[in-house]
Amino acid sequence: MAAPSDSAPPAPTPSGAAADDGTRPEPAAGEGLVRSLTHRQTTMIGLGSALGTGLFLGSGSAISVAGPAVIVSYAIGAVLVAIIAVLLGEMSAAHPVQGSFGTIAHRYLGAWAGFLSRYLYWFSAVVVIGTEVVASALYIRWWWPEVPMSLAILAIAAVVLAVNIISVKSFGATEFWLSTVKVVALCAFILCAALLVFFGLPDTKAAGLANLGDDGGFLPHGAGSIWLAMAVVMFAYAGFEVVAIASAEAIDPQRTIRTAMRQLAWRLSFFYLLSITLVLALIPWRKMADGDGSVETSPFVRVFSEIGVPAAATITNMVVLIAAMSAANAHLYGASRLLHSLGGDGLAPAPMARLSRRGVPAVALAASTLGIAVAALLAFYDVSGLFGILMSIALFAVLLVWLLILASYIAFRRHRTAHPEEFTGFSVPAGGKLAIVAVVGVLAVAATAVEVPDMRQAAGIGIAFTVVLLACYGLTVLRRGRGKEQPLPERSDH
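In every chain, residue numbers begin from 1 and rise along the written sequence. Given that the model is predicted, a residue must reach a pLDDT of at least 70 before its local features are reported, and side-chain atom pairs must reach 80 or more before they are shown or counted; all residues, however, enter totals for whole chains, interfaces and linings. Only hydrogens and water are removed before side-chain values are computed, so all heavy atoms of the structure are retained for them.

Let us look at the overall build of the protein. Secondary structure elements follow DSSP: runs of H or I of four or more residues count as helices, runs of E of two or more count as strands, with numbering from the N terminus. Counting its regular elements, the protein contains 19 helices and zero strands. A total of 494 residues make up the protein; the buried ones form 57% of that total. Residues count as neighbours in contact if any of their non-hydrogen atoms are within 4.5 Å of one another. Restricting the contact set of the protein to residue pairs at least 6 apart, pairs at least 24 apart contribute 82%. A 1.4 Å probe and the Shrake-Rupley method give the accessible areas. Residues count as covered only by the protein chains that appear here. Entry remark: accessible area of the protein is about 19,000 Å², with carbon and sulfur atoms responsible for 68%. Accessible area is worked out with a 1.4 Å probe on protein chains only. A residue is then buried under 20% of its type maximum, exposed over 50%, and partly exposed in between.

Given below as structure tokens:
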């Protein structure tokens, strides 16, 4: 672990980062990322990327592994994500720079870590973009089955690209409203489900909590199933990192990151835990586990139908379509910004660093749509098990990124303790100890590869991909003739 070196020469300041004195004039058109994201937009961007289709259509695979005890898996996952989020928030508030956790890893662990973390996250985001766009196309075909799959994918891709390429302001506004629709739908679902569970209807008895203990008990597959279910559960929370990436384009990054990460942590916990608990109380877990993930089998359809909401399936399909488009939109934003920062640091082709006149990294945005193209081809050839394979690969990449974030935080915290005069803003109490707890937790999730076939396959592919990336980094360093790693500017206060 490479600590920052005061004697090492500073690296070139990335576009959009601060000068060494901590100040930065507003960039001229096309010269730097534009700070136009508001506090509310940044928070909703995080929810947009983390609240995807899995929650709305049920989490059948996780439930099939652990039964009702999957609630404990989601609770453990919520704690892990909350720790990582607040620690990443502390670092991002101190360093609200382009490249986010990748740039911070470059400074505190070394250039190799910045290279690796950004490319791993980009790869993961690209996979998610592809799966969410394919999911969106399937939801469109639910209404119009005669529409060719390839045409539906192209239509969704065009909308997502258009939102991102116009300006960051248009992206922020669009993502805010898409995420708002998801949150309102979730709140309506939770209220209706709670009514059915605890009070019932005039002609229907309250369901109560009996389903949580029936049919094999709360732990039908033993305590070990809680651990095995984490392989699926943790993927549901992935995406909150986009908030940190957005700090480089936030109007007030220190305030935004400080509050957005905390709010995001408890909101995700609230939505996932309460929704899953109410669903399992209403619907026997084996029936949930046997669901095929279609709109008709969604717990949303059942709950809204019980309440008497007309066209429940149509409403649910609209909500999951918005959820999928919102997640694709947010992940495309995050992927393009990390690729743009790699281009600015000379670790990706130079065109990736280019910005449009409105401050949008259009070339990096176009390159990040690779996932859409790959997903379209796979969907065209009808590759079986596409979603499960891509989901497990993306999860393993995210786990590696989380470990690098936590390692960066440990080095960052040591430096902050040794040089408190360099930093302002909030500091997480016992942050170093929390980071170690989170590292153990993430490693425990990765260890499910021993028992879970999808994770085992993902681990093999993910490790091979990581080795290839490190080899590419080594070749890049040799080509550029740089014998030692250079730290990036310390902080950026705007």
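What follows concerns a nonpolar patch on the surface. On the surface, a nonpolar cluster with roughly 430 Å² of combined accessible area is contributed by Leu195, Phe198, Phe199 and Leu209. Mapped onto the fold, Phe198 is located in helix 8 (residues 168-198). A residue is classified by how much of its surface remains accessible, and Phe198, at 49% relative accessible area, is partly exposed. Here the term patch refers to residues with relative accessible area over 30% and no salt bridge, with like charges joined within 9 Å and nonpolar side chains (Val, Leu, Ile, Met, Phe, Trp, Tyr) within 5 Å. Just to be clear on terms, a salt bridge is a Lys or Arg side-chain nitrogen sitting within 4 Å of an Asp or Glu carboxyl oxygen.

Turning to the packing of aromatic side chains, a few remarks are in order. Centres within 6.5 Å are what make two rings of Phe, Tyr or Trp a pair, Trp counting through its six-membered ring; a difference in plane orientation under 30 degrees is then read as stacked, over 60 as edge-to-face, and the rest as tilted. Overall, the coordinates contain 16 aromatic pairs when judged by the stated rule. On the basis of an interplanar angle of 50° and a centroid distance of 5.4 Å, the ring pair of Phe115 and Tyr473 is categorised as tilted. Placement of the pair is Phe115 in helix 6 (residues 111-143) and Tyr473 in helix 19 (residues 453-480), with a sequence separation of 358 residues. For the residue pair Phe115 and Tyr473, the accessibility class agrees, reading buried in each case. An aromatic cluster is built from Tyr108, Tyr409, Phe412 and Phe423, whose rings are joined through pairwise contacts. Charge-over-ring contacts are defined here by two conditions on Lys NZ or Arg CZ: a distance within 6 Å of the ring centre and an angle within 35 degrees of the ring normal. Across the ring face of Tyr108, the terminal group of Arg107 is positioned such that the distance to the ring centre comes to 5.3 Å.

What follows covers the nonpolar core. Residues belong to a common nonpolar core when they are buried Ala, Val, Leu, Ile, Met, Phe, Trp, Tyr or Cys residues joined through side-chain atoms within 4.5 Å. If you look at the biggest cluster of nonpolar residues, it comprises 154 residues, and the most contacted ones within it are Val70, Leu268 and Trp402. Element by element, the count of residues in this core is highest for helix 6, at 19 residues. Among residues more than four places away in sequence, those in contact with Leu268 are Leu47, Ala50, Leu51, Tyr237 and Phe240.

The subject of this paragraph is the pattern of salt bridges. A complete count under the given rule lists five salt bridges for this structure. Residue Arg416 pairs with Glu90 through a salt bridge whose shortest N-O separation is 3.1 Å. Taken together, the residues Arg416 in helix 17 (residues 386-418) and Glu90 in helix 4 (residues 70-94) connect sequence positions 326 residues apart. Exposure class is identical for Arg416 and Glu90. Each is buried. One salt bridge in this structure joins Arg337 and Glu249, with 2.9 Å as the shortest N-O distance. You can see Arg337 sitting in helix 14 (residues 312-344) and its partner Glu249 sitting in the loop between helix 10 (242-245) and helix 11 (253-282), a full 88 residues away along the chain. Under the relative-accessibility criterion, Arg337 is labelled buried at 3%.

Working rule for helices: expected span equals 1.5 Å times residues minus one. Taking 1.5 Å of rise per residue, 33 residues should cover 48 Å, and helix 14 covers 48 Å from first to last C-alpha, within 8% of that figure. With 28 of 33 residues buried, helix 14 is to be regarded as a mostly interior element. Immediately downstream of helix 14, the backbone of Gly346 shows phi near 75°, a positive value.

Glancing now at the confidence of the model for the protein. The predictor reports its confidence for every residue as pLDDT, a score running from 0 up to 100. The share of residues in the protein with pLDDT of 70 or more is 85%, and the mean pLDDT across the chain is 80. Of all the helices and strands in the protein, helix 2 (residues 53-56) carries the lowest mean pLDDT, 66, while helix 18 (residues 431-446) carries the highest, 94. Within the model, the stretch residues 1-30 combines pLDDT values under 50 with 60 contacts to residues more than four positions away or in other chains. Note that pLDDT drops below 50 for residues 483-494; the model gives that stretch 59 contacts with residues more than four away or on any other chain.

To continue, consider unusual backbone geometry. Even without being a glycine, Asp215 presents a positive backbone phi close to 55°. Structurally, Asp215 is set in the loop between helix 8 and helix 9 (224-237).

Another aspect to go through is the packing of helix 1 (residues 39-50) against helix 8. The interhelical angle for the contact between helix 1 and helix 8, taken along N-to-C directions, is 60°, at an axis separation of 8 Å. With respect to each other, helix 1 and helix 8 are oriented oblique. In the crossing of helix 1 with helix 8, the sense of the turn from one axis to the other is left-handed. On the side of helix 1, the interface is formed by Arg40, Gln41, Met44, Ile45, Leu47 and Gly48, while helix 8 contributes Lys169, Phe171, Gly172, Ala173, Glu175, Phe176, Ser179, Thr180, Lys182 and Val183. Polar here means any residue outside two lists: the nonpolar Ala, Val, Leu, Ile, Met, Phe, Trp, Tyr, Cys and Pro, and the charged Asp, Glu, Lys and Arg; Gly therefore counts as polar. Its residues assigned to classes, the contact of helix 1 with helix 8 shows seven nonpolar, five polar and four charged. The angle between two axes is taken between their N-to-C directions and runs from 0 to 180 degrees, where each axis is a line fitted to C-alpha atoms and a helix contributes only its stretch in contact. Reported orientations rely on four angle classes, namely roughly parallel under 35 degrees, roughly antiparallel over 145, roughly perpendicular from 65 to 115, and oblique for the rest. Each crossing gets its handedness from the near helix: less than a right angle anticlockwise from the far helix is left-handed, clockwise is right-handed.

Attention now moves to the packing of helix 4 against helix 18. In contact at an axis separation of 9 Å, helix 4 and helix 18 are set at 135° when each is read in the N-to-C sense. Our classification of the angle between helix 4 and helix 18 gives oblique. Along this stretch, helix 4 crosses helix 18, giving a crossing that reads as left-handed. Contacts between helix 4 and helix 18 involve Leu80, Ile83, Ile84 and Leu87 from the former and Gly431, Leu434, Ala435, Val437, Ala438, Gly441, Val442 and Val445 from the latter.

A separate point is the side chain of Asn164. When you line up the elements, Asn164 lands in helix 7 (residues 149-166). By relative accessible area, Asn164 is classed as buried at 1%. Once you skip the residues sitting within four places of it in the chain, Asn164 turns out to touch Phe171, Asn329, Leu332, Tyr333, Val360 and Leu365.

With respect to the helices, strands and loops of the structure, Glu175 is situated in helix 8. Positive: Lys, Arg. Negative: Asp, Glu. His and the chain ends are not part of the count. Despite its burial, Glu175 remains without a salt bridge, the nearest opposite charge being carried by Lys182 at 5.1 Å. At 2.4 Å, the side chain of Glu175 forms a polar contact with the side chain of Ser326. Residue contacts for Glu175: discarding those within four places in its chain leaves Met44, Ile45, Gly48, Ser326, Asn329 and Ala330. Definition of a polar contact: a pair of N or O atoms within 3.5 Å, with one able to donate and the other able to accept a hydrogen when the atoms are protein atoms, and with sequence-neighbouring residues admitted only if both atoms are side-chain atoms.

Here Ile76 is to be found in helix 4. C-alpha of Ile76 to C-alpha of Val233: the two residues are 157 residues apart in sequence and 9.4 Å apart in space. When near neighbours in sequence (up to four residues on either side) are disregarded, Ile76 contacts Ile226 and Met230.

Another aspect to go through is the environment of Leu400. Structurally, Leu400 is set in helix 17. The spacing of Leu400 and Thr466 is 66 residues in sequence and 9.2 Å in space, taken between C-alpha atoms. With residues up to four places along the chain from it excluded, the contact list for Leu400 reads Leu120 and Thr466.

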